[in-house]
Amino acid sequence: MALDKAKKAEIIAKYSRGENDTGSTEVQVALITERIRYLTEHLKVNKKDHSSRLGLLKLVGQRRRLMRYLRKRDLSRFNTIKSELGIRN
């Protein structure tokens, strides 16, 4: 299991833009990044788990699309979330 409820709530609280914000681009990117980190560690141990590897690639692509959208909409928010999460390009 990738994220438990407490970890997910912590991430949402940290990156949300308002009180009831759970779906903004920053929150989505942060949640996907946490899942990517979990799957990366999982795949270091389980090298032959190809279905998880495909899921990881889909998550990376989804995060890339969200970051591209955020870069077009608001460059300052893009730079902030990029630096906080340690995302490269």
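In this text the structure is predicted, and so the values were computed from the model without any measurement. (Residues numbered from 1 in each chain as written. Predicted model: local features only at pLDDT ≥ 70, side-chain atom pairs only at ≥ 80, totals over all residues. Heavy atoms only, no water.)

### Some points on a positive patch on the surface
Right, so step 1: On the surface, R64, R65, R68, R71, K72 and R73 cluster together into a positively charged patch.
Right, so step 2: Mapped onto the secondary structure, R68 falls in helix α3 (residues 50-73).
Right, so step 3: The class for R68 is partly exposed, based on a relative accessible area of 39%. (Patch = residues over 30% accessible without salt bridge, like charges linked within 9 Å, V, L, I, M, F, W, Y side chains within 5 Å. Areas by Shrake-Rupley, 256 points an atom, 1.4 Å probe, with all protein chains shown as cover. Salt bridge = Lys/Arg side-chain N within 4 Å of Asp/Glu carboxyl O. Lys, Arg positive; Asp, Glu negative; His and termini not counted. Charge placed at Lys NZ, Arg CZ, Asp CG, Glu CD. Helix = DSSP H or I, 4+ residues; strand = E, 2+ residues; numbered from the N terminus. Buried < 20%, exposed > 50% of the residue type's maximum accessible area, 1.4 Å probe, protein only.)

### Let's talk about the side chain of T25
Right, so step 1: Inspection of the secondary structure assignment puts T25 in helix α2 (residues 25-45).
Right, so step 2: The class of T25 is buried, set by a relative accessible area of 9%.
Right, so step 3: Sequence-distant contacts of T25, that is, excluding residues within four places in its chain, are made with L66, Y69, L70 and R77. (Contact = heavy atoms within 4.5 Å.)

### Details of the nonpolar core
Right, so step 1: By size, the foremost hydrophobic cluster in this structure holds 21 residues, and its most contacted members are Y15, V29, L31, M67, I81 and L85.
Right, so step 2: Those elements that provide at least two residues to this core are α1 (5-15), α2, α3 and α4 (75-85).
Right, so step 3: If you tally residues by element for this core, the top one is α2, at eight residues.
Right, so step 4: Among residues more than four places away in sequence, those in contact with M67 are V29, F78, I81, K82 and I87. (Core = buried A, V, L, I, M, F, W, Y, C linked by side-chain atoms within 4.5 Å.)

Everything listed is a geometric property; what it means functionally is a separate question.
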